[in-house]
Amino acid sequence: MKKNHSNKNRPISQKPHDGHTEHTTAKERYARLIRNRTFILHPSVLVLTTYILLLLSKIIDIALINRENEYYSVVILQMMIFILPGAIWCKFSGENYVSRLRLRMVKADSVLLILSAALLMASGGMLLGALFSGPDSLSSGFSLYDTFISKDSGTIPNTIYLVMAYAVLPAICEEFVYRGILCCEYERGGVLRPILVSAVFFALLHFNLRHLPVYLFAGIILAMTLYATRSLFGAILAHFLYNIFGLFGQPYMSNLYQNTGSTELFFFLVTAVCIISAAVFCGEAARLYRLYLYKAYSADYRKPVIKNPSVLRDSYLDILRQPSAIACFVVYIIALIISWF
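Here the structure is a predicted model, which is why all the values come from computation and not from measurement. Residue positions are given per chain, counting from 1 as you read along its sequence in written order. Since the coordinates come from a predicted model, pLDDT governs what is reported: local features require at least 70, and pairs of side-chain atoms require 80 or more to be given and counted, while whole-chain, interface and lining totals use all residues. Note that water and hydrogens are dropped before the side-chain values are worked out from all heavy atoms of the structure.

Together, Ile52, Leu56, Ile59, Ile60, Ile326, Val330, Ile334 and Ile338 give the surface a local cluster of nonpolar side chains, amounting to about 610 Å² of exposed area. Looking at the nonpolar patch, the elements that each hand over two or more residues are α2 (43–63) and α11 (323–339). Inspection of the secondary structure puts Ile52 in helix α2. Patches here are clusters of residues that have more than 30% relative accessible area and form no salt bridge, with a 9 Å joining cutoff for like charges and a 5 Å cutoff for nonpolar side chains (Val, Leu, Ile, Met, Phe, Trp, Tyr). All accessible-area figures derive from a Shrake-Rupley calculation using a 1.4 Å probe, and residue coverage is judged against the displayed protein chains alone. Every case where a carboxyl oxygen of Asp or Glu lies within 4 Å of a side-chain nitrogen of Lys or Arg is listed as a salt bridge. Think of it this way: any DSSP run of H or I at least four residues long counts as a helix, any run of E at least two long counts as a strand, and we number them from the N terminus.

Structure representation (structure tokens):
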């Protein structure tokens, strides 16, 4: 039988030239460009955009906003600050990008974890607020970004507007950007980095130095809720419950603190609630992860085996020294200076 020796002298690494190979190579080059994003495409640019828009909203609030239509202003500004930039980011990140944001419905077996997360943020936030800002922080009213202060007149329409503008919409808008997009962007190689980075940017977002530890703690819990429930809606629901506590529960806790007559007793009770909710939260997270292991669910954030040194993951220092990340800290400082005057 006659053998075909037409490929005898072809180099081993050479592949037949066809259109499919060229197409695959082009896709690989595009993926490499995405991995090596420049200043314009770095995720901290999205964070910087929300900071700048929020800072502008504070200036607009001082000069222009009519307090009679404050609820409408809050709704419109939040849509412009978070939803619009986030939607543009998703649009230019590829057709399948939205599917990576964990837009899954929350399952019934995650309800206890979500409730414990909200209770942990509420009790832990009170302890951190009292520790860094003093017990007087318990008497402060609920506000958005130290700009829009909630006012409950007691009427049903006012309460509905209050819940929508100060609880529902902030939970959706902030979680969409800071847990949905940021965690998706930073999670390649594990969950610790997106949890910490998203929490830092989330804490800085509120432009409040005194309550910075409170927002940092809440950001960590919300990111952990995202991964434990495998659903962005889990983090949104926990954030919503936390906002509800700030709107309606915080005044009662302030009255309880004043009527208790014993600072030690009050903080002992809050500490006990914090410890119990933390134990429930960790226990439920462990149970859910055992369930995921039993059902062999995939983990997109699992640390990959890196064969090519040119695609090494960015370190924490690489993230923070990005020009856009540095600009975020600058905007934060400017916002603090404005708030002091």
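And the narrative resumes.
Glancing now at the packing of helix α5 (residues 156–186) against helix α7 (residues 212–229). Between α5 and α7, the shortest axis-to-axis distance is 11 Å and the interhelical angle comes to 60 degrees. Our classification of the angle between α5 and α7 gives oblique. The crossing of α5 and α7 is right-handed. Across from Glu175, Arg179 and Cys183 in α5, the residues of α7 making contact are Gly219, Leu222, Ala223, Leu226 and Tyr227. A breakdown of the residues in the contact of α5 with α7 according to their chemical character gives five nonpolar, one polar and two charged. Convention adopted: a line fitted to C-alpha atoms gives each axis, helices being fitted over their contacting stretch, and angles between N-to-C directions are expressed from 0 to 180 degrees. Here roughly perpendicular refers to angles of 65 to 115 degrees, roughly parallel to angles under 35, roughly antiparallel to angles over 145, and oblique to all remaining angles. Handedness of a crossing follows from how the near helix is turned relative to the far one, being left-handed for an anticlockwise turn of less than a right angle and right-handed for a clockwise one. Contacts are assigned to residue pairs with any non-hydrogen atoms lying within 4.5 Å of each other. Gly is put with the polar residues, along with every residue not named as nonpolar or charged; the nonpolar set is Ala, Val, Leu, Ile, Met, Phe, Trp, Tyr, Cys and Pro, and the charged set is Asp, Glu, Lys and Arg.

Note on pairing: side chains with opposite charge can pair once their charged atoms come close. One pass over the full model with this rule turns up four salt bridges. Between Arg287 and Glu284 there is a salt bridge; the shortest N-O distance is 2.7 Å. One end of the pair is Arg287 and the other is Glu284, both in helix α9 (residues 263–294) and three residues apart, which spans about a single turn. Notably, a salt bridge pairs Arg321 with Asp318, separated by 2.7 Å at the nearest N-O pair. In this scheme, a residue with accessible area under 20% of its type's maximum is buried, one over 50% is exposed, and one in between is partly exposed, where area comes from a 1.4 Å probe on protein chains only. Residue class for Arg321 comes out exposed when judged on its relative accessible area of 54%.

Our focus in this paragraph is the packing of α5 against helix α6 (residues 192–205). Closest axis-to-axis distance for the α5/α6 pair is 9 Å, and the angle between their directions is 145 degrees. In this structure, α5 crosses over α6, and the sense of that crossing is right-handed. Of the residues in α6, those in contact with Glu174, Tyr178, Arg179, Leu182, Cys183 and Tyr186 of α5 are Arg193, Pro194, Val197, Ser198, Phe201, Phe202 and Leu205.

Each α-helix turn comprises 3.6 residues. Residues three or four places apart therefore point the same way. To estimate how far a helix should reach, multiply one less than its number of residues by 1.5 Å. Taking 1.5 Å of rise per residue, the 14 residues of α6 would be expected to cover 20 Å, and the 20 Å separating its terminal C-alpha atoms lies within 8% of that figure. Across the 14 residues of α6, eleven count as buried, placing the element largely inside the fold. For α6, the complete set of buried residues consists of Arg193, Pro194, Ile195, Val197, Ser198, Ala199, Phe201, Phe202, Ala203, Leu204 and Leu205.

What follows is about unusual backbone geometry. You will see that Arg102, though not glycine, has its phi angle at about 60 degrees, which is positive. Counting through the fold element by element, Arg102 comes out in the loop between α3 (70–91) and α4 (111–133). Relative accessible area serves as the criterion here: at 8%, Arg102 is assigned to the buried category. Phi at Phe207 is positive, roughly 55 degrees, even though this residue is not glycine. Tracing the backbone through its elements, the reader meets Phe207 in the loop between α6 and α7.

On to the confidence of the model for the chain. The pLDDT score gives, residue by residue, the confidence of the prediction method on a 0 to 100 scale. In this model, the chain carries an average pLDDT of 81, and 77% of its residues clear a pLDDT of 70 or more. Within the chain, the lowest mean pLDDT, 49, falls on helix α1 (residues 19–35), and the highest, 96, falls on α7. Per-residue pLDDT stays below 50 along residues 6–23; that stretch engages in three contacts with residues further than four places along the chain or on separate chains.

Okay, the packing of aromatic side chains next. Here the aromatic set is Phe, Tyr and Trp, taking the six-membered ring for Trp, and pairing holds for ring centres within 6.5 Å; pairs whose planes are under 30 degrees apart are stacked, those over 60 apart are edge-to-face, and all others are tilted. Evaluated as defined, the whole model comprises seven aromatic pairs. On the basis of an interplanar angle of 70 degrees and a centroid distance of 6.5 Å, the ring pair of Phe82 and Tyr178 is categorised as edge-to-face. One end of the pair, Phe82, is in helix α3; the other, Tyr178, is in helix α5, with 96 residues separating them in the sequence. The residues Phe82 and Tyr178 share a single accessibility class, namely buried. Taken together, a centroid distance of 5.3 Å and an interplanar angle of 85 degrees make the contact between Phe266 and Phe267 edge-to-face. Note on Phe267: relative accessible area 16%, which makes it buried. Taken together, the ring pairs in this structure connect Tyr51, Phe207 and Tyr332 into an aromatic cluster. Two thresholds decide whether a charge sits over a ring: the Lys NZ or Arg CZ must be within 6 Å of the ring centre and within 35 degrees of the ring normal. Across the ring face of Phe202, the terminal group of Arg179 is positioned such that the distance to the ring centre comes to 4.4 Å. A cation over an aromatic ring shows up here: Arg230 above the ring of Tyr292, its NZ or CZ 5.2 Å from the ring centre.

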